[in-house]
Amino acid sequence: MAKLESDVTAALPGQTSLPSVRAPSVQTDSMPDYVEHQDGVPRVGALSAEAVVRDYEAAAKEIEAMGAELISAAQKCEAMTAEVHNAIAYMRETAAAYREEAKKIFKRIEDCTIFTEDVRKTCETVKRRIESSSDT
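Analysis parameters
Residues numbered from 1 in each chain as written. Predicted model: local features only at pLDDT ≥ 70, side-chain atom pairs only at ≥ 80, totals over all residues. Heavy atoms only, no water. pLDDT = per-residue confidence, 0-100. Helix = DSSP H or I, 4+ residues; strand = E, 2+ residues; numbered from the N terminus. Patch = residues over 30% accessible without salt bridge, like charges linked within 9 Å, V, L, I, M, F, W, Y side chains within 5 Å. Areas by Shrake-Rupley, 256 points an atom, 1.4 Å probe, with all protein chains shown as cover. Salt bridge = Lys/Arg side-chain N within 4 Å of Asp/Glu carboxyl O. Buried < 20%, exposed > 50% of the residue type's maximum accessible area, 1.4 Å probe, protein only. Polar contact = N/O pair within 3.5 Å; in protein donor to acceptor, adjacent residues only side chain to side chain.

Peer 1: Got a minute to help me understand the confidence of the model for the protein in this structure?
Peer 2: If pLDDT is low for a region, its predicted coordinates should not be looked at in detail. Scored by pLDDT, the protein has a mean of 87; 85% of the residues are at 70 or more. Mean pLDDT values for the elements of the protein range from 52 in strand β1 (residues 20-21) up to 95 in helix α2 (residues 43-135).

Peer 1: Could you clarify how one ought to interpret a nonpolar patch on the surface in this entry?
Peer 2: A contiguous nonpolar patch, built from Leu 4, Val 8, Leu 12 and Val 44 and spanning about 290 Å² of accessible area, is present on the exposed surface. Inspection of the secondary structure assignment puts Val 8 in helix α1 (residues 2-10). Residue Val 8 is classed as partly exposed on the basis of its relative accessible area, which comes to 39%.

Peer 1: Before we go on, may I ask you to explain the side chain of Glu 50 in this structure?
Peer 2: Note that Glu 50 resides in helix α2. Glu 50 gets classed as buried once you look at its relative accessible area, which sits at 4%. A polar atom in the side chain of Glu 50 sits 2.6 Å from the side chain of His 37.

Shown next as structure tokens:
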């Protein structure tokens, strides 16, 4: 911090020449590879430019991370959508099975009703025959 303060003090008006930067960044983190210091840039300008580019780079990395999160969320949505499609297919199959079972029960009830009606008619016919033969 003291070094930065002395650099800023040296850059104040009344100084005839400002120190230049030719060396890489003074920070431990390397600068992004898409920027490079120009020859003859004053130290204050170089440090300011580095600070700004680091902030932009940090924001760009956060944006990329957000994109990765969106991809992950989209993959989860796709998986959930596939599960929903499977559930819908299962529901359709179950509904079809219920309709088939209803059809079988419907036919069985009607068959039983027809059989019962035939038995009733037969019983009535036999009863009439018995009644008519006892009358004679």
